[in-house]
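Listed below, chain by chain, are the residues.
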Amino acid sequence: LRGTTNDRTNAMVSPVTVMITGAAGQIGYALAPQVCRGAMLGPDTPIILHLLDIPPAETALKGVAMELVDAAYPLVKKIVATVDLEEACKGVDVAVMVGGFPRGPGMERKDVMAKNVAIYKGQASALQEHASADVKVVVVANPANTNALILSNYAPKIPKENVTCLTRLDHNRALGQVSERTGVPVSDVKNCIIWGNHSSTQYPDVNHATAGGKSVRELVNDDEYLNGEFVTTVQQRGAAIIAARKFSSALSAASSVCDHVRDWVHGTPEGTWTSMGVISPGGDAGYGVEAGLMYSFPVTCAGGKWSIVQGLAIDDRSRSLMDATAAELKEEKTMAEELIAAM
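## A few points about the overall build of the protein
Link 1 in the chain: In terms of regular secondary structure, the protein is built from 12 helices and 14 strands.
Link 2 in the chain: On the principal axes, the C-alpha backbone points of the protein span a range of 55 × 50 × 40 Å.
Link 3 in the chain: Buried residues in the protein amount to 52% of all 343 residues.
Link 4 in the chain: For the protein, the accessible surface area stands at approximately 15000 Å², while carbon and sulfur atoms represent 53% of it.
Link 5 in the chain: Across the protein, 30 positive and 37 negative side-chain charges occur, with their mean positions spaced 4 Å apart.

## A closer look at the sheet that holds strand β7 (residues 189–190)
Link 1 in the chain: Judged by pairing direction, the sheet is antiparallel, and its three strands sit side by side in the order β7-β10-β11 without closing on themselves. Of all the strands in the sheet, just β7 and β11 (214–215) have a single pairing partner and so form its edges.
Link 2 in the chain: Of the strand pairs in this sheet, strand β10 (residues 210–211) and β11 are connected by two bridges, and their pairing is antiparallel. Along β11, the bridge assignment pairs Thr-210 with Ser-215.

## Here we look at the packing of aromatic side chains
Link 1 in the chain: In the structure shown here, the tally under the stated rule is four aromatic pairs.
Link 2 in the chain: For the pair Tyr-295 and Phe-297, a centre-to-centre distance of 4.9 Å together with 45° between the ring planes defines the contact as tilted. Take Tyr-295 and Phe-297: they sit in the same class, and that class is buried.
Link 3 in the chain: Linked through ring pairs, Trp-195, Tyr-287, Tyr-295 and Phe-297 together constitute an aromatic cluster.
Link 4 in the chain: Taking the ring centre of Phe-101 as reference, the NZ or CZ of Lys-115 above it sits at 5.1 Å.
Link 5 in the chain: A cation over a ring is seen here: Arg-181 above Tyr-225, with NZ or CZ 3.8 Å from the ring centre.

## Some remarks on the nonpolar core
Link 1 in the chain: Formed by 35 residues in total, the largest nonpolar core has its most connected members in Leu-31, Met-40 and Leu-49.
Link 2 in the chain: Of all the elements in the fold, those that place two or more residues in this core are β1 (16–21), α1 (26–36), β2 (47–52), α2 (58–71), β4 (94–97) and α11 (250–266).
Link 3 in the chain: Ignoring any residue separated from it by four or fewer positions in sequence, one finds Leu-49 in contact with Val-18, Ile-20, Ala-32, Val-35, Cys-36, Leu-68, Lys-78, Ile-79 and Val-80.
Link 4 in the chain: With 33 residues, the next largest nonpolar core counts Met-19, Ala-144, Leu-151 and Ile-279 among its residues.

## A word on the packing of helix α4 (residues 109–130) against helix α12 (residues 316–341)
Link 1 in the chain: Relative to each other, α4 and α12 sit at 60°, their axes nearing to 10 Å. If you check the angle between α4 and α12, you find them oblique. In this structure, α4 crosses over α12, and the sense of that crossing is right-handed. Of α12, the residues touching α4 (which contributes Arg-109, Lys-110, Met-113, Ala-114 and Val-117) are Glu-328, Glu-331, Glu-332, Met-335, Ala-336, Glu-338, Leu-339 and Ile-340.

Here is what the cut-offs are and how they apply
- Residues numbered from 1 in each chain as written.
- Predicted model: local features only at pLDDT ≥ 70, side-chain atom pairs only at ≥ 80, totals over all residues.
- Heavy atoms only, no water.
- Helix = DSSP H or I, 4+ residues; strand = E, 2+ residues; numbered from the N terminus.
- Buried < 20%, exposed > 50% of the residue type's maximum accessible area, 1.4 Å probe, protein only.
- Areas by Shrake-Rupley, 256 points an atom, 1.4 Å probe, with all protein chains shown as cover.
- Lys, Arg positive; Asp, Glu negative; His and termini not counted.
- Charge placed at Lys NZ, Arg CZ, Asp CG, Glu CD.
- Pairing = 2+ DSSP bridges.
- Phe/Tyr/Trp six-rings, centres within 6.5 Å; stacked < 30°, edge-to-face > 60°.
- Lys NZ or Arg CZ within 6 Å of the ring centre and 35° of its normal.
- Core = buried A, V, L, I, M, F, W, Y, C linked by side-chain atoms within 4.5 Å.
- Contact = heavy atoms within 4.5 Å.
- Axes fitted to C-alpha atoms, helices over the stretch in contact; angles between N-to-C directions.
- Parallel < 35°, antiparallel > 145°, perpendicular 65-115°, else oblique.
- Left-handed = near helix turned anticlockwise from the far one by under 90°.

Now the structure itself:
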C-alpha cells in the first residue's frame, strides 16, 4: 500500500486513496471521520478520501463532505464526493464497500440477494478497471461474505487475497463479551475466533482465547455460558443494538472497519490473531472448508498480507458449528450464481 512505510520525520509521504461507498449512510457517516483522523492507516499517513453514494442520496453526501471540510483534518489532502462509480474508484488503494441494498419488511432473502448481486457485479467491474492494481477491498454490506465473493469473481484482475469481508465487528464483540464476563480489560483479551458467515450462523470460538494471559475457558469456568449465552449474544448483538437504539450498530462497525484495515496494512501484534472473511484455500489449510467460499478464519497479518492461522485443534462441537455456517455460505453462493445466470 502506498504511503504507509514512512516515519514521523518523513513529510514526503504519498497519500493513500480510501473509498467509502454508501458514504451518506449511518456507517459511512461514522467511518469517514475515523479514517480522516488516522484510525485506519495511522497518524502519519495522508488521505485522499473518495465518498460514493447513489443519486437519491447526493444532497446528503454533499452535506457529509461539507462537515469533513469543516473539521479541517490535517491528514486529509482531498475529498471527492460523487455519485459516479468510475470517478469514485479511480486510483483507489483501499475500498470500503458499505453500500448495499438493505433487507426491508417482507423481503425474502433471495430478493435482497438479487439486488446486491447486481450492485456488486457492477462495482467489481469499476474497481478492476479504475482502482490501483493492488487495491485492498473490505466488504461490509450484507450479505457481506457473498457480496465479497461476487465482487472477487467479477474482478479477476484483483488478486483473490485482496478481497475480504468484515467479521472484525463480530470478533470485537466476542472480545468485549469476554472482557465483561471476566473483568479483564479488553486490551488483554486475545485470540477469540469468528468462523464462517457474518450472520447468525457464525461460530464465535473461545477455545484458544486468553484473558490476562489465562485460558478463557479456565478463567470463566462455565462451559454452559461459553457454549450457550456467549455464542448467541455475539451472534445476535446487531439485532440487540437495533432493538435498543432503533438504528443499526454504525459506530462499532466503523471502528471495526478501521481495525480490519489497520491490522491488514500494518500487521497484527506478535502472538495475536484476528478474524477476517477471506477466500478459503480448502483442505487442511482451510480447516476443511470448501475452497472458494468467503469464510471467516483466524488470521495474522504481516507485510500487507494475511495468513490463516494453522494447526489449531478443532473439537467435535466446533467442527459441527463450523460446518453449519459453511453450509449456509454454500447455499448463498449457489443462490447468487443462479441469480447471475438469470441476469
